[in-house]
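Single-letter residue listing:
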Amino acid sequence: MERLKDIKCVVWDLDHTIWDGVLLESGDVKLRARIKEVIEQLDRRGILHSIASKNDAELAWAKLTELGIAEYFLYPEIHWDAKSISIQRIQQNINIGMDAILFVDDQPFELEEVKSVHADVQVLHADHYETMLNDPRLMPRFITADSSRRRQMYQADTLRKQAEEQYEGPSEKFLASLGMKFTIYEATEDDLQRAEELTVRTNQLNATGITYSYEELHQLMTSQDYLLLVCELEDKYGTYGKIGLALIHKQPDIWRLNMLLMSCRVMSRGAGSVLLTYIMREARQQGKQMLADFRETGRNRMMNISYRFAGFTQLSADPDGKIVFSHDLKQVVEFPDYIEVCVPERQHQ
Amino acid sequence: MDYRQEIREFIGNNLTMEHEDAQISDNDNYFEMRFVNSLFAMRLVDFVERRFQIEIGNDDLDLANFSTINRLHDLIERKLAAKEVAR
């Protein structure tokens, strides 16, 4: 059987879906039984919520606030436009695949309208909302600290975007104003679930496109021959969580970078090359040369460019798009001055 | 055609030097002068491809082709000439 695609965001209708009744006809609508529990549970699992409702925006938002659930919804679309348009905006704002969205509505017309425009969106009739907690598509394999605070991270990101839009002047000055702190450390058992999640979720900034299971990562982490690094980023708006991962195969004269990946969230923060820079500096200090594996996946060109522009040269390439890069480390670059890089003492002994 | 002015503008808009009044001349290596973030690198390649309707393959995706305004200009002229011949 085909594996069901995991859902990352549930988009809800309001009238007759989240609450009984029609808000514009009666201000006294009541939440449907257990709906709050469903929303809260999914939120804790790291699944995001949004809204696509044909309603009066101000009135609907006031009602959601009064009912105590407004905080759960990101990028709500409350207006009279087609729901397919709402879904598209939500998808772009959150930056996930269409097939990672579940749209819940009580009207077959709306479900079909969305399906007709976005065939990949998954849909559910509102009458079945109580099945959601047991739906395998809504049960991520692991619940990590990062998944349970995913919503807060998106909300902090909205604040950042607003600040960035209001900021006039060079973008690097803006980056400097964020007070970013980038921490790099060796993975421990606690990091592995998130590490697996990162290899599965990251596409654009994954140097090989290879995903690793928890068990594989655990084996690599405990091996003397490998170094598994995790990094975290935070700024004045809060943490971005664990956003990068690198796997280094330690050989006598060479460090071979088997895997390098960064979450897309840090791309626009100018922090995408910090981990690579750190590894290059560390390898050089230990008198090693570097090799790095890369495989074209059609979506990870930025990684290709990152390696080449960091001074890596192509050692070999096969027809499948697998490339091995090498670097003599005669020249290494500095970290950007708008990011504080923290590395705990006694690393990599 | 001389595209240097367009390249200068793009670099100027997307790269901030440490000192406000720092100038980048056409032969300055702006990658050596500062940390290069992946996003700038990606934008630069993207700008060249879109603006000049050329494709930059792995063979040309070399820092040496992108590191100064003059070198980038050479690359663009070379790619445009090759495109013309292929037509």
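Residues numbered from 1 in each chain as written. Chains lettered and ligands numbered in written order. Predicted model: local features only at pLDDT ≥ 70, side-chain atom pairs only at ≥ 80, totals over all residues. Heavy atoms only, no water.

Within an unreviewed UniProt entry, the label attached to chain B reads Acyl carrier protein, and the organism entered is Paenibacillus cucumis.

Draft legend 1. Expanded view of the packing of aromatic side chains. All told, the structure shown has eight aromatic pairs over all chains when counted by the stated rule. Geometrically, the ring pair formed by Phe312(A) and Phe325(A) is edge-to-face, given 6.5 Å between the ring centres and 70° between the ring planes. Remark: Phe325(A) occurs in strand S14 (residues 322-327) and Phe312(A) occurs in the loop between helix H11 (301-309) and strand S13 (313-317); sequence separation between them is 13 residues. Like Phe312(A), the residue Phe325(A) is buried in the burial classification. Plain terms: the ring middles of Phe10(B) and Phe47(B) are 4.2 Å apart, the flat faces sit at 10° to each other, and that makes the pair stacked. With a gap of 37 residues between them, Phe10(B) in helix H1 (residues 4-14) and Phe47(B) in helix H2 (residues 38-52) connect regions that are remote in the sequence. This pair shows no difference in class: Phe10(B) is buried, exactly as Phe47(B) is. Taken together, the ring pairs in this structure connect Phe294(A), Tyr307(A), Phe312(A) and Phe325(A) into an aromatic cluster. (Phe/Tyr/Trp six-rings, centres within 6.5 Å; stacked < 30°, edge-to-face > 60°. Helix = DSSP H or I, 4+ residues; strand = E, 2+ residues; numbered from the N terminus. Buried < 20%, exposed > 50% of the residue type's maximum accessible area, 1.4 Å probe, protein only.)

Draft legend 2. Seen up close, the nonpolar core. All names here are of chain A. Core analysis: the largest hydrophobic core is formed by 44 residues, its most contacted members being Phe182, Leu257, Ile279 and Tyr307. With seven residues, the single largest contributor to this core is helix H10 (residues 274-285). Among residues more than four places away in sequence, those in contact with Ile279 are Leu229, Ala246, Ile248, Trp255, Leu257 and Met290. Leu42, Ile69, Tyr129 and Met132 belong to the second-largest nonpolar core, a separate cluster that totals 30 residues. (Core = buried A, V, L, I, M, F, W, Y, C linked by side-chain atoms within 4.5 Å. Contact = heavy atoms within 4.5 Å.)

Draft legend 3. Here's a closer look at helix H2 (residues 57-66) of chain A. Residues and elements named next belong to chain A. Those residues of H2 that fall on the buried side of the exposure criterion are Ala60, Lys63 and Leu64. Along the axis of H2, the buried positions cluster into a sector of 100°, meaning they face one direction only. Across from the buried face of H2, at angles greater than 90 degrees, the exposed residues are Glu58 and Glu66. Here the buried face of H2 lies against strand S2 (19-20), strand S4 (48-53) and strand S5 (77-78). At the N-terminal boundary of H2, the capping side chain belongs to Asp56, with an oxygen 3.3 Å from the backbone nitrogen of Glu58. (Arc of directions from axis to C-beta. Polar contact = N/O pair within 3.5 Å; in protein donor to acceptor, adjacent residues only side chain to side chain.)

Draft legend 4. Spatial organisation of H10(A). All names here are of chain A. End to end, H10 covers 17 Å across twelve residues, agreeing with the expected 16 Å (1.5 Å per residue, within 8%). Most of H10 is tucked away, with nine of its twelve residues classed as buried. For H10, the full list of buried residues reads Val274, Leu275, Leu276, Thr277, Tyr278, Ile279, Met280, Glu282 and Ala283. Gly287 lies just past H10 and shows a positive phi near 70°. (Expected span 1.5 Å × (residues − 1).)

Draft legend 5. Representation of the side chain of His79(A) in the model. Residue and element names in this part refer to chain A. Tracing the backbone through its elements, the reader meets His79 in the loop between S5 and helix H3 (83-94). Classification of His79 as buried rests on a relative accessible area of 17%. At 2.8 Å, the side chain of His79 and the side chain of Glu77 are in polar contact. Residues within four places of His79 in sequence aside, it is in contact with Ser53, Lys54, Asn55, Ser86 and Arg89.

Draft legend 6. Layout of the sheet that holds S4(A). With respect to topology, five strands assemble into an open sheet ordered S5-S4-S1-S6-S7 (chain A), the strand pairing being parallel. A strand with exactly one partner marks an edge of an open sheet, and here the two such strands are S5 and strand S7 (122-125) of chain A. (Pairing = 2+ DSSP bridges.)

Draft legend 7. Representation of the confidence of the model for chain B. Here chain B averages 83 in pLDDT, and 86% of its residues register 70 or above. Reported for the predicted complex are a pTM of 0.73 and an ipTM of 0.85. (pLDDT = per-residue confidence, 0-100.)

Draft legend 8. Focus on the sheet that holds strand S9 (residues 226-235) of chain A. Residues and elements named next belong to chain A. Pairing in this open sheet of eight strands is mixed, and the strands run S13-S14-S12-S11-S10-S9-S8-S15 from one edge to the other. Two strands in the sheet have a free side with no partner beyond their single neighbour: S13 and strand S15 (339-342). This sheet shows a mean twist of 25° between the axes of neighbouring strands, independent of strand direction. As judged from the ten bridges shared by S9 and strand S10 (residues 238-250), these two strands associate in the antiparallel manner. Bridging from a neighbouring strand, Leu227 pairs with Ile248 of S10. Against the sheet, helix H6 (residues 150-166) contacts S9 and S10, and its axis sits at roughly 110° relative to S10. (Axes fitted to C-alpha atoms, helices over the stretch in contact; angles between N-to-C directions.)

Draft legend 9. View of the packing of helix H8 (residues 192-201) of chain A against helix H9 (residues 214-222) of chain A. Residues and elements named next belong to chain A. Two elements in contact, H8 and H9, have axes separated by 9 Å at closest approach and are oriented at 120°. As the angle between them shows, H8 and H9 are arranged oblique. Considering how the two elements wind past one another, H8 and H9 form a crossing that is right-handed. From H8, Leu192, Gln193, Ala195 and Glu196 reach across to H9, where they touch Tyr214, Leu217, His218 and Met221. (Parallel < 35°, antiparallel > 145°, perpendicular 65-115°, else oblique. Left-handed = near helix turned anticlockwise from the far one by under 90°.)

Draft legend 10. Broad picture of the state of the cysteines. In the structure shown here, the tally under the stated rule is zero disulfides over all chains. A disulfide-free cysteine, Cys231(A) has its sulfur positioned 12 Å from the sulfur of Cys342(A), the nearest such atom. (Disulfide = S-S within 2.5 Å.)

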